[in-house]
Amino acid sequence: MKKFIILSLISTLTLSAFAQFPGGPPGGGGGGGDGMGRSRTNSPNNAAPKANILEDNQPKGNSKITGFIVDEGVTAAVEFASISLINKATNKPVDGTMADDKGKFSITRVAVGDYKLLVSFIGYEDKTIDNIKIEKGKDVDLATIKLKQSTKMLNEVVVTGQAAMIEEKVDRLVYNAEKDLTSKGGDAADVLRKVPMLTVDLDGNVSLRGTSNIRVLINNKPSTIVASSVADALKMLPADMIKSVEVITSPSAKYDAEGSGGIINIITKKVTLQGITLNLDSGVGLRGTNFGLNGNYRQGKLGVTLGGFGRLIYNKSAGSLEQTTNGSSNNFMTRQTNTGFDNGMFGRYNIGLDYDISKNQSLAGSVAFGTRNMNRDLDYTTQLFSNNLLSSTSYREVDSKDLSNSVDLNLDYIRTFKPSQEWSVSTMYSQNHLTNNFDADILSGSNELLSRMKNLNSNFNKEFTVQSDFTSPISKNQSIEFGAKGIFRQVNSDFNYLSAGATGEYYSTPGNPSGLLNYSQNIASGYLSYTFSTKNKYIFKAGTRYEYTTINANDLENDILIPAYGNLVPSINVSKKITKNSTLKLAYNKRIQRPGLQQLNPNFNAANPQNISVGNPNLKPEITDNLELSMSSNIGKTYLNMSLFGRQTNNAITRLATPSDTLEGAVITTFQNIGQQRSMGSNIFANVFLTPKWTLNGGIDLLYTYMEGQTQTLDGTYKMINNSGFVIGGRLQTQLQLPNNWALQGFGGFRGNQVQLQGTQGSFYMYSVGVRKDFKNKKGSIGLAADNFFGGMTMRTTLNSALFNQASVMNIYNQNVKLTFSYKIGKMSFVQKKTKSVKNEDVMGGSEN
């Protein structure tokens, strides 16, 4: 703890600068932003005042009007309320803005004069603040403005047009998943496949701009289920509960330094309501079934949420493998085919409470339980050739179980002293118990049981986090923020192999691998950030973060010596509004990537004895430098974003495969710090309103990757090899609002071959269409969607070195038709909880380049 305090003080004394859009251009709105960095597409739903209704040639001054918008009934912030400043002499709007997610607003450069303020938001009655007198050089603080809920029912409100499915904020891109029709009844992976800059392969592994070394958060919070496996965590999260997905490519100093490629934050649907409400989401399809129930209760200062979501999947698969291993005396060739069936059950259940201690203090807590029960049955037929002659044929039936149970507990406190000045303390405890077992029956050609074997692998992952943050303005165009954080992790893995004959008990033999891993990791960190904006529309955002990591690890026989290390992680972002509707941004940051549980776990997974995988507890962290240049612009009814980026990684963690010394024809895959990896590329995406009710969005990703590292040669020595190539990917999506509450959506996406150090991973594509009918009362809907209806997918992967060549083919039968249904009971009050959350953005989730 002393070390933690000392390091935090060192961090906060470090001279640095950090900036964030404090309100966009003068007036807090106008042009291409809403005062919070959001792009203003020409959406009819945009709540902020349109520029063409403002009074022309309105003189500018040096005064500022500030305030907070809250709900009158529960004293909670009303987020994104629209504020119009009206000249009393002409009765015309002269400026306007939008409240942020805490209800705060600010209108700057207001001239001397008499004004009134009009505040409006759907679900509330409009409120006018009259007799606002601006004197030269003086600011006006309106303090708290309370809105009264409208007596009209929500289903009486007619809204034309639709908001953009893709938005860009100051430091992130936002994909509004709740507008996605085709992902209903699926899981989080189905949603992420449609997000610009992201790629999700057929196994659910996620990559951002070509790297899977990223950090995935759920509601700004980490979870041990994500630390264990991103792909598995996505299966536990139904698409119907996802509100939006945020992609952060250049995190500021406030974020943990982990996630060399960036951060993905999945925001789930949640409302805080006065009274009792109940939401039901369900779906049934050829490949999966889902059901979700979410209840909310709020009375006065107390709010309670209770929810549960579950999903069943069932699917078949098939594949083939052909590999050649070269030895000093014999060359072996393996030909293998497999057929299988997957079935699984995933669920996540939560209860949350929040309480407003006073008007400027709040307390919130939550408990979430997660479960994963994935079963896979595979039948292998393997032929082994020695020097081109068939030497054996074997048959194996494998039943594997991938099970987990997780618990996440959060307790958060926030104290607001004055507008934009607040202090928060957040704590989190998370644990995950994983079981990765398999049973294998070895059969004869006549299907007679010859022998049996099983692998028992139990893992336990837990972490405790505490953090404190303080933010405060220091002038009109400057603010400061600093904080400290401690993360304390413990990972344990215990594995054993047992054998048995056709009958009798299982037993352990000296030749069967077994062992355990105890791995303890503690991280102390502190950061300092500073914000500065200039009159000529430059925004400077710079900061620094220091993290100190200590590791204690051991196995059955020895201590694993991993030295402690410290990292100073700077970041800087510069933006310039070059025209009324265009913004240019330049960003640099340094990131680190610590290995995750799947990379560390030394369990010898031989479910397929010809293609074995094992982790490496001696892995070191990656260090990555990122540079990015981007421009965003509104052109008519089109929002366009273009970016160029470069990335260099030292100690890059990647998969390496080598032939087994003891198993004929087998290849063993593990993880190594290979050396260097350099990438550069470009992303272009656009969102177009073809009509007020018809949108089209899509993008193209181009990436060039170069990597180098050492691999083994025939004589047992190591030599440096390299590989490079281009990867191209893209996506296209359209949504159309039809008469009588009907809606239609289509999606298609692809990714080309991906470069690996020892070969390439195959390309894939996917597509879907969906239709939805909303009920007349707007409280429910029914939908039908189809995925990949022309056939399943085939992915081909090749690996090669001086010692082996491998070609594998995976066939996935993922055609699907699903029927979805949702219904909502209750009246929304559009309020926002005042909470802070622990964010651990620092562990690799188990997928790799």
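Residues numbered from 1 in each chain as written. Predicted model: local features only at pLDDT ≥ 70, side-chain atom pairs only at ≥ 80, totals over all residues. Heavy atoms only, no water.

Participant: Quick rundown of the overall build of the protein? Include the residues and the values.
Facilitator: Per the secondary structure count, the protein includes 5 helices and 44 strands. Residues counted as buried form 54% of the 849 residues belonging to the protein. Partitioning the contacts of the protein with sequence separation of at least 6, the portion at a separation of at least 24 is 69%. As displayed, the protein offers around 35,400 Å² of accessible surface, 56% of which is attributable to carbon and sulfur atoms. (Helix = DSSP H or I, 4+ residues; strand = E, 2+ residues; numbered from the N terminus. Buried < 20%, exposed > 50% of the residue type's maximum accessible area, 1.4 Å probe, protein only. Contact = heavy atoms within 4.5 Å. Areas by Shrake-Rupley, 256 points an atom, 1.4 Å probe, with all protein chains shown as cover.)

Participant: So what's going on with the pairing of strand β34 (residues 676–691)? Residues and values would help.
Facilitator: As defined by bridge partners, strand β31 (residues 638–650) adjoins β34 across 13 bridges and the pair is classed as antiparallel. Within β34, the residue paired with Q648 across the bridge is R678. Where β34 meets strand β35 (residues 694–712), 15 bridges bridge the pair, whose relative direction is antiparallel. Paired with I684 across the bridge in β35 is I700. Taking the residues that link successive antiparallel strands as the turn, the β34-β35 hairpin has 2 residues. (Pairing = 2+ DSSP bridges.)

Participant: Describe the sheet that holds strand β29 (residues 611–613), and please don't skip the residues or the numbers.
Facilitator: The 3 strands are arranged β29-β33-β32 in an open sheet whose pairing can be described as mixed. The open sheet is flanked by β29 and β32 (653–659), the only strands paired with a single partner. This sheet shows a mean twist of 35° between the axes of neighbouring strands, independent of strand direction. Judged from the 3 bridges that link them, β29 and strand β33 (residues 667–673) form a sheet pairing that is parallel. (Axes fitted to C-alpha atoms, helices over the stretch in contact; angles between N-to-C directions.)

Participant: Quick rundown of the packing of aromatic side chains? Include the residues and the values.
Facilitator: Aromatic rings in a pair are described by how distant their centres are and how their planes are angled relative to each other. All chains considered together, the criterion is met by 15 aromatic pairs. Pairing F532 with F540 gives two aromatic rings, centres 6.5 Å apart and planes at 25°, and the pair type is stacked. Judged by its relative accessible area of 28%, F532 falls in the partly exposed class. When the ring of F775 is compared with that of Y823, the centres are 6.3 Å apart and the planes differ by 45°; the resulting orientation is tilted. In this pair, F775 is assigned in the loop between β40 (764–774) and β41 (780–787) and Y823 in strand β44 (residues 816–825), connecting sequence segments 48 residues apart. Residue classification places F775 among the partly exposed positions, given a relative accessible area of 26%. You can call Y823 partly exposed: its relative accessible area is 28%. (Phe/Tyr/Trp six-rings, centres within 6.5 Å; stacked < 30°, edge-to-face > 60°.)

Participant: Give me the lowdown on the pattern of salt bridges, citing residues and values where you can.
Facilitator: Enumeration over the complete set of coordinates arrives at 18 salt bridges. Note that D114 is salt-bridged to K133, the shortest N-O span being 3.6 Å. Separated by 19 residues along the polypeptide, D114 in strand β5 (residues 113–120) and K133 in strand β6 (residues 127–134) bring together distant segments of the chain. A residue is classified by how much of its surface remains accessible, and K133, at 53% relative accessible area, is exposed. Where R731 meets D701, a salt bridge forms, and the shortest distance between an N and an O atom there is 2.8 Å. Placement of the pair is R731 in strand β36 (residues 718–738) and D701 in strand β35, with a sequence separation of 30 residues. Exposure class is identical for R731 and D701. Each is buried. Several salt bridges share partner residues, and in doing so they unite R545, E547 and R594 into one network. (Salt bridge = Lys/Arg side-chain N within 4 Å of Asp/Glu carboxyl O.)

Participant: Describe the environment of D356, naming the residues involved and giving the relevant values.
Facilitator: In this fold, D356 is placed in strand β18 (residues 331–358). Its relative accessible area of 9% is what places D356 among the buried residues.

Participant: Describe the environment of G295, and please don't skip the residues or the numbers.
Facilitator: With respect to the secondary-structure elements, G295 resides in strand β16 (residues 288–299). C-alpha separation for the pair G295 and I351, spaced 56 residues apart in sequence, amounts to 9.5 Å. Contact partners of G295, with chain neighbours within four places excluded, come to T277, L278, V304, T305 and L306.

Participant: Lay out the environment of N296 in plain terms, naming residues and giving numbers.
Facilitator: Tracing the backbone through its elements, the reader meets N296 in strand β16. Judged by its relative accessible area of 4%, N296 is buried. The spatial distance from the C-alpha of N296 to the C-alpha of G307 is 8.5 Å, given a sequence separation of 11 residues.

Participant: Outline the side chain of N455, supporting the account with residue identities and numerical values.
Facilitator: With respect to the helices and strands, the residue N455 is situated in strand β22 (residues 449–475). What N455 contacts, discounting residues up to four positions off in sequence, is N436, N437, F438, F495, N496, Y497, N603 and F604.

Participant: Account for the pairing of strand β4 (residues 104–110), naming residues and giving values.
Facilitator: Of all 7 residues that make up β4, 5 are buried, and the element is covered over most of its length. Bridge count between strand β1 (residues 63–71) and β4: 5 bridges; the pairing is antiparallel. Across the sheet, the residue bridging to T66 is S106, located in β4.

Participant: Could you give an account of the nonpolar core, with specific residues and numbers?
Facilitator: Counting 30 residues, the largest nonpolar core has L192, V206, L234, I242, V245, I264 and I266 as its most contacted members. The element that contributes the greatest number of residues to this core is helix α2 (residues 188–192), accounting for 4 residues. When neighbours within four sequence positions are excluded, V245 is seen to be in contact with L173, V174, Y175, V191, L192, V195, I264 and N265. (Core = buried A, V, L, I, M, F, W, Y, C linked by side-chain atoms within 4.5 Å.)

Participant: Before we move on, could you go through the confidence of the model for the protein and cite the residues and values that matter?
Facilitator: Across the protein, the average pLDDT comes to 80, with 83% of residues at 70 or higher. Across residues 828–837, where pLDDT falls below 50, the model places 48 contacts with residues more than four positions away in sequence or in other chains. Confidence drops under pLDDT 50 across residues 845–849; counting only partners more than four residues distant or on other chains, this segment forms 25 contacts. (pLDDT = per-residue confidence, 0-100.)

Participant: Explain a nonpolar patch on the surface to me, and be specific about the residues and the numbers.
Facilitator: A surface patch of nonpolar side chains, about 660 Å² in accessible area, is lined by L302, L306, I351, L353, Y355, I357, L363 and L411. Sorting the residues of the nonpolar patch by element identifies β17 (302–326) and β18 as the ones contributing at least two each. A per-element tally of the nonpolar patch places β18 first, with 4 residues. With respect to the helices, strands and loops of the structure, L411 is situated in strand β20 (residues 389–418). (Patch = residues over 30% accessible without salt bridge, like charges linked within 9 Å, V, L, I, M, F, W, Y side chains within 5 Å.)

Participant: Residue-level account of unusual backbone geometry, with values.
Facilitator: At N388, a position not held by glycine, the phi torsion is positive, near 75°. With respect to the element layout, N388 can be found in the loop between β19 (361–386) and β20. For N741, which is not a glycine, the phi torsion comes out positive at approximately 65°. Tracing the backbone shows N741 in the loop between β36 and β37 (742–751). In this structure N741 comes out as partly exposed when scored by relative accessible area, which is 24%.

Participant: An account of the side chain of R731 is needed here, citing residue identities and associated values.
Facilitator: In this structure R731 comes out as buried when scored by relative accessible area, which is 9%. Aside from chain neighbours lying at most four places away, what touches R731 is R193, K194, V195, P196, M197, L198, G698, G699, D701, F747, G748 and G749.

Participant: I'd like a rundown of the sheet that holds strand β7 (residues 140–147), residues and numbers included.
Facilitator: Whenever strands of a sheet pair, they do so through backbone hydrogen bonds, lying parallel or antiparallel. The strand order β4-β1-β7 describes an open sheet built from 3 strands, whose pairing is mixed. The open sheet has two edge strands, β4 and β7, and neither has a second partner. In this sheet, adjacent strand axes meet at a mean angle of 20° when their direction is disregarded.

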